[in-house]
There are 2 protein chains.
Amino acid sequence: MNGSGPTRLVDPLDPLPGVGTYEDFNTIDWVREKSKDRDRHREITNKSRESTMALLHSVSDAFSGWLLMLLVGLMAGSALAGGIDIAAHWMTDLKEGVCLIGFWFNHEHCCWTSNETTFQERDQCPQWQSWAELIAGTSKGPFAYIVNYLMYIFWALLFAFLAVTLVRSFAPYACGSGIPEIKTILSGFIIRGYLGKWTLIIKTITLVLAVSSGLSLGKEGPLVHVACCCANILCHLFTKYRKNEAKRREVRSSATVSYYFPLKTLWRSFFAALVAAFTLRSINPFGNSRLVLFYVEFHAPWHLVELAPFILLGIFGGLWGALFIKANIAWCRTRKTTRLGHYPVIEVLVVTAVTALLAFPNSYTRMSGAELISELFNDCSLLDSSQLCGYKQPVNTSEAGVDNSLADRPAGQGLYTALWQLALALIFKMLITVITFGMKVPSGLFIPSMAVGAIAGRLLGVGMEQLAYYNHDSLIFRGWCSPGADCITPGLYAMVGAAACLGGVTRMTVSLVVIMFELTGGLEYIVPLMAATMTSKWVADALGREGIYEAHIRLNGYPFLEPKEEFEHSSLAVDVMRPRRGDPALAVLTQDGMTVGEVETLVESTHYSGFPVVVSQESQRLVGFVLRRDVLISIDNARKRQDGIVSASQVVFTEHTPAQPPEAPPPLRLRGIMDLSPFTVTDHTPMDITVDIFRKLGLRQCLVTHNGRLLGIITKKDILKHMAQMANRDPDSILFN
Amino acid sequence: MNGSGPTRLVDPLDPLPGVGTYEDFNTIDWVREKSKDRDRHREITNKSRESTMALLHSVSDAFSGWLLMLLVGLMAGSALAGGIDIAAHWMTDLKEGVCLIGFWFNHEHCCWTSNETTFQERDQCPQWQSWAELIAGTSKGPFAYIVNYLMYIFWALLFAFLAVTLVRSFAPYACGSGIPEIKTILSGFIIRGYLGKWTLIIKTITLVLAVSSGLSLGKEGPLVHVACCCANILCHLFTKYRKNEAKRREVRSSATVSYYFPLKTLWRSFFAALVAAFTLRSINPFGNSRLVLFYVEFHAPWHLVELAPFILLGIFGGLWGALFIKANIAWCRTRKTTRLGHYPVIEVLVVTAVTALLAFPNSYTRMSGAELISELFNDCSLLDSSQLCGYKQPVNTSEAGVDNSLADRPAGQGLYTALWQLALALIFKMLITVITFGMKVPSGLFIPSMAVGAIAGRLLGVGMEQLAYYNHDSLIFRGWCSPGADCITPGLYAMVGAAACLGGVTRMTVSLVVIMFELTGGLEYIVPLMAATMTSKWVADALGREGIYEAHIRLNGYPFLEPKEEFEHSSLAVDVMRPRRGDPALAVLTQDGMTVGEVETLVESTHYSGFPVVVSQESQRLVGFVLRRDVLISIDNARKRQDGIVSASQVVFTEHTPAQPPEAPPPLRLRGIMDLSPFTVTDHTPMDITVDIFRKLGLRQCLVTHNGRLLGIITKKDILKHMAQMANRDPDSILFN
């Protein structure tokens, strides 16, 4: 509401406040926003020729993009992600015990300070006390176990309660993974506050709490949301981005490169463990004394026969992915439609209690998801004392004939126990994740999916290993798996399984394979991983075409045009546009001849967000398009500030005001708010082309003409409804425009 | 010319041969092609529900894409690239001598077979004889030198002559790097034969010859062209791709991932050399006996102070890149416009002779570009005997105080000689590449650009090293470069320089930095490389916005809309469209009322490739768009095969034939060839939006309307001409449509 005088006319270069902005839960017009930015840029460039100050402004404008990205990177990538990691680590350990020399140390740091403990005895350092030791004074016996058990459940419930309460009280948008919403927002939808500062703060805190509570969820997805919030908030520092929705979306998109990078980093760290194991095996450190560096290459780590189990893992990943999506969506729909959705706090507490109760007794579910995956990916060396490496030691080395101390060995008691526990953990994780994802706490899906796949893979890998050990003379193993050789690596199976499950759930096969290719650099692991992820995608696609994020977008009714989905039907634009045959005619404004009162009546009698402007009702020749919001704001403003504007004043969209009788009130000129270049397609345009145009140009609506006459309008919502109808789904599930 | 009878009407589902295809040097319509493919796909899917055979067809159709990519990968990636590599290696060595135990062995393979030679004496193995030894019987003295010199020039001229003659006689499109043309083809332009089998065969052979002749050129760019040819030829195996220009472009695009991958592989191999050196230094193999694997990490390989020389290298790279482009384009334009262009064979022979004459005496120009870069990237170890590592040996180890045998040392005589030779090589490479790139032989630019940058970087690196050695107490070096420490790595400088020059020439900074990030995985080298490539891009952009490929596209007048180039001017569609103010009205057809004779006269009196169809000349309301080629083919065909079609027959584009007098000849119905959904924009549409639409949708033309009336037409050529005009360039340089 600037005070530039009552007789001020609407000027397109300096619009009224509010004109050109969008309402909540609406879709932006990309073309228009981009054009606005180009105008701004052009103005700055032209001015920069005039003075030095303006030149500096132009340079700083050009660099602000770089500076912004740097700030986002520093803030989101380093500070927040690092902080969340450290806090979650500490709080996860807090569930088991506390450090005596300072409660702020986690288990690992606590034991670092004591010099005498070796790596082996790390877990038993005296400074770290379990709750049983602190409370009951003993660490042995059933009583101590029960104390630890109860404290574990107590902390888990406390963390979960805090998380869900904070989310509900301060930032309801902080729940979930956020990726479905961000995909929709990046495609041009507006959800106010979704990327705001409260969401950022609360999501950061509650993410730590949710991860620490031991629920079956990961932190990678929510981290992407956090990075997007950072980008969005930092945008406000720069005029270039503050005023332009499309420009801001570009920055956020760059921030979601983090959508890809955390996944990459995740794989990279797990991959490092696997490679370290392989390398250790290959370099033969206690053998000959050759210079080690040039022997860092694997010898044939997988055999063609192993493709069969890898493909099996792909089938498992695909089946689980598809079933998980179906079950999770069904559960979320139940939550939305029944009374269950009214008690989110109780829901979270019950699920947390069940998780903690079932997870504690099994060491593989008690540890965090990332730790579990890391352990499953790891290969066994001779010194490894973990249960997973509980093989029978070779009685005398001469028996095996070769001095390869890492050869396949028969499973011992420890390994059998581990396998049982893993099998139980697999069932547990598969079931609990379905009801966990979608609760009102921040929750990612990468880690749980990978954990399921890694467990399945490891089980299959150990199975293959034992099969090979006991049947090394059979047809399939002869020749490549002689006794004493190290031919099957269960860790690789775990990795393949993790990729297959992640692929089945998210359907990001290409990104996955690209990441793998980048990590491995060659064809060493690319074939097993590609075989598994491709199989997984095909199997999952056969059971349902959508990934988990698309399914959640659909569930929430967001207007999102999937970029890869092909439009398979042969409809034409005329079949999709409104008005349909039999409907009342399209509500249009004429470029002159309508009064302010008539325009107001027309606009208010409908709920459309925009109106085409035509030459006349008879000719229906298209002139432009005005937005409802802009019309109402302009009329409102003119009535207040412009002399003589009454209901009888003529509304004029033409360049020159037509001649009027002298006694008539002054006309209201609204050409400035009209979009003079609305998009049009002809009624015969196939819908596949129309959908393509909407997708590529980011349109919000498009007008339909026939032989030069305006016929109707197609909005993004119309397209989504039509697509839903074609797929035999409920078209009313598309909620927003 | 199918024989389906003379009375056959034009049916859109089974078009006449020729209808819907394109002429040479024309732009395709992406939207139309994509729509055609969707129709085909839909038909197959619908049929697949009917019979098992059709289902199998549908499945094989879906898998043919995968199979095709696999074949392209095998053929281009492995067979051709590997073959070219081996052949070029052998022929390069042939210029210096021959292997006695089999002429088909190259120098390295020849000496492999002799067991007694150590790595050090590799070059002097008795099986390998230089030409002087073979012809004159001696390898020492000036006479032997002259014999070797002459033989070197003889082979170089022979290879170059063969290359240019083969290109001229069999496949003129095989010359150059091919990347500018491929960029244009992928954007939708048609150059028949550019990706044909003759181009493939001749380019493969002549690439080997050109590389072996010692000219200052690389093989990475032409390899991309070869891969594209493979993809194009293999497309003919599958109906899906044979019939659809847009689909084929998709396959070719995937093949040009090779545009990115060879570069990546190139960097990877050079990077490996550098890392090997660093690692060797860090792991300290002769020191303590710790397990080596866990020490593979660099200790601070670069210091913040070194950013200054890195940025200097960036400035050098940008300057050289911009000047190289200007000089090369000026030289190519001279070749195009003067008599020089009439003697390509003589030009190639002269340049080859000059190159060989000047390259032979200097060992750094005599070796191949890739070898040179590899040597420059390499770090010096104590055992290294090359001239570049000709440092003074420390007299006694206790002097330095530390046992680090790889510390910075003072330059010795060998190194001074090497520096002189490198400086001469730098000048030589900088000049000769300008006249080499663009000759009528296959020639890439990656290796020469990187060589220039690597030489400059190494020179600066050694300079810095000596500066630090002699001034380790000065303000800038104190604290991080104490005596006996190994603080400056000339190899890293060479790498940074190579990246800077490559960035300056091609402007692919983002790809370069992504490659670097992938290779290094962290921030270890990313900062130096980013600093250098970004500086290089900014400096080069300040001197001229185009990369070398865009400059060559412009030079050749191809219709190519640069995807990143922003349209900076505030023109509207009405300013760009034809007819301009004062021109005769737009040539249009009416949907009825015109006779065959009138249509023919109109079409033949103009040279336009297409004509809008309107309701009537008075209303100018748009109905559709027909292509010139389709109209002429259809009329020609109808006259031959359809009874009663004469010049007086009415041409009808409407759905229902209007009532005609009974004595009139039967009408010619042409609705089938009309595009019912031509793209339109309004006259007020800003050109930046229009350009965006052309780019994103891959349009060939777009019609311009005002208030629903047809006003004019904009083609891709019009846009390019307008952009040339705005940039004060000659609009007539845009040659094709």
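Scroll up to find the structure this text is about.
Residues numbered from 1 in each chain as written. Chains lettered and ligands numbered in written order. Predicted model: local features only at pLDDT ≥ 70, side-chain atom pairs only at ≥ 80, totals over all residues. Heavy atoms only, no water.

Asker: Explain the overall build of chain A to me, please; I cannot follow it from the model alone.
Answerer: For chain A, the count of helices and strands is 27 helices and 11 strands. Split into buried and exposed, the 737 residues of chain A put 54% on the buried side. For chain A, the proportion of contacts with a sequence separation of at least 24, taken over those separated by at least 6, is 72%. Total accessible area on chain A stands at roughly 32400 Å², and carbon and sulfur atoms take up 63% of it. (Helix = DSSP H or I, 4+ residues; strand = E, 2+ residues; numbered from the N terminus. Buried < 20%, exposed > 50% of the residue type's maximum accessible area, 1.4 Å probe, protein only. Contact = heavy atoms within 4.5 Å. Areas by Shrake-Rupley, 256 points an atom, 1.4 Å probe, with all protein chains shown as cover.)

Asker: Sorry if this is basic, but what is going on with the pattern of salt bridges here?
Answerer: Oppositely charged side chains can form a pair if their charged atoms are brought close together. Residues and elements named next belong to chain A. Tallied over the full model, the rule gives 24 salt bridges over all chains. We note a salt bridge from E220 to K219, for which the minimum N-O separation is 3.7 Å. Just as E220 is buried, K219 falls in that class too. For R578, the salt bridge goes to D718, with nearest N and O atoms at 3.4 Å. A residue pair is termed long-range when its members are at least 10 positions apart, and R578 in the loop between α23 (573-576) and β3 (589-590) and D718 in helix α27 (residues 716-726) qualify at 140 residues. Its relative accessible area of 6% is what places D718 among the buried residues. (Salt bridge = Lys/Arg side-chain N within 4 Å of Asp/Glu carboxyl O.)

Asker: Please explain the packing of helix α6 (residues 179-186) of chain B against helix α22 (residues 548-556) of chain B as it appears in this structure.
Answerer: In a pair of packed helices, the angle between the axes and the distance between the axes together describe the arrangement. Residues and elements named next belong to chain B. Remark: α6 packs on α22, axes separated minimally by 8 Å, with the N-to-C direction vectors making an angle of 75 degrees. Classified by the angle their axes make, α6 and α22 are roughly perpendicular. On α22, the residues touching I179, P180, E181, K183 and T184 of α6 are Y549, E550, H552, I553 and N556. (Axes fitted to C-alpha atoms, helices over the stretch in contact; angles between N-to-C directions. Parallel < 35°, antiparallel > 145°, perpendicular 65-115°, else oblique.)

Asker: When you look at a nonpolar patch on the surface in this model, what are you seeing that I'm missing?
Answerer: Together, I311(A), L312(A), I315(A), L319(A), L323(A) and L543(A) make up a nonpolar patch on the protein surface, roughly 500 Å² of accessible area in all. With 5 residues, the top contributor of residues to the nonpolar patch is helix α12 (residues 307-337) of chain A. (Patch = residues over 30% accessible without salt bridge, like charges linked within 9 Å, V, L, I, M, F, W, Y side chains within 5 Å.)

Asker: Looking at this structure, how should I read the packing of aromatic side chains?
Answerer: Remark: the centre distance and the inter-plane angle together describe each pair of aromatic rings, the angle taken between the planes. Here the structure, examined in full by the defined rule, presents 34 aromatic pairs over all chains. Ring centres of W90(A) and F103(A) lie 6.3 Å apart, and the angle between their planes is 55 degrees; on these two criteria the pair is classed as tilted. Linking W90(A) in helix α2 (residues 52-94) with F103(A) in the loop between β1 (97-99) and α3 (107-112), this pair joins segments that are 13 residues apart in sequence. By relative accessible area, which is 24% here, W90(A) ends up partly exposed. Considering the side-chain rings of F310(B) and Y493(B), the 5.0 Å spacing of their centres and the 50 degrees angle between planes classify their relative orientation as tilted. Taken together, the positions of F310(B) in helix α12 (residues 307-337) and Y493(B) in helix α19 (residues 490-506) put the pair 183 residues apart, joining distant regions of the chain. (Phe/Tyr/Trp six-rings, centres within 6.5 Å; stacked < 30°, edge-to-face > 60°.)

Asker: How should I be thinking about the pairing of strand β6 (residues 622-627) of chain B in this particular structure?
Answerer: Residue and element names in this part refer to chain B. Within β6, 6 of the 6 residues are buried, which leaves it mostly tucked inside the rest of the structure. Where strand β5 (residues 610-614) and β6 come together, 5 bridges link them in antiparallel fashion. Within β6, the residue paired with F611 across the bridge is V626. (Pairing = 2+ DSSP bridges.)

Asker: Honestly, helix α17 (residues 413-436) of chain B in this entry has me stumped. Any pointers?
Answerer: Every α-helical turn comprises 3.6 residues, leaving residues that sit three or four positions apart pointing alike. Along its 24 residues, α17(B) runs 34 Å from first to last C-alpha, staying within 8% of the 34 Å computed at 1.5 Å per residue. Just downstream of α17(B) lies G438(B), where phi reads positive at about 115 degrees. (Expected span 1.5 Å × (residues − 1).)

Asker: Would you take a moment to explain unusual backbone geometry for this structure?
Answerer: Glycine aside, a negative phi is what most residues show, and trans is what most peptide bonds show. Looking along the chain, the bond that leaves R578(A) and enters P579(A) is cis, with omega of -5 degrees. Along the chain, the position of P579(A) falls in the loop between α23 and β3. Of note in the backbone geometry, Q620(A) takes a positive phi value of approximately 55 degrees without being a glycine. Checked against the element boundaries, Q620(A) lands in the loop between β5 (610-614) and β6 (622-627). A relative accessible area of 18% means that Q620(A) is categorised as buried. Of note in the backbone geometry, N707(B) takes a positive phi value of approximately 45 degrees without being a glycine. Here N707(B) shows up in the loop between β10 (701-706) and β11 (709-715).

Asker: How should the sheet that holds β6(B) be read in this particular structure?
Answerer: Within a beta sheet, neighbouring strands are joined by backbone hydrogen bonds and run either parallel or antiparallel to one another. Residues and elements named next belong to chain B. Strand order across the open sheet formed by 3 strands is β3-β5-β6, with mixed pairing between neighbours. The open sheet has two free edges, formed respectively by β3 (589-590) and β6, since each of these has just one partner strand. Each of β5 and β6 touches helix α25 (residues 628-641); the most contacted strand, β6, lies at about 75 degrees to it.

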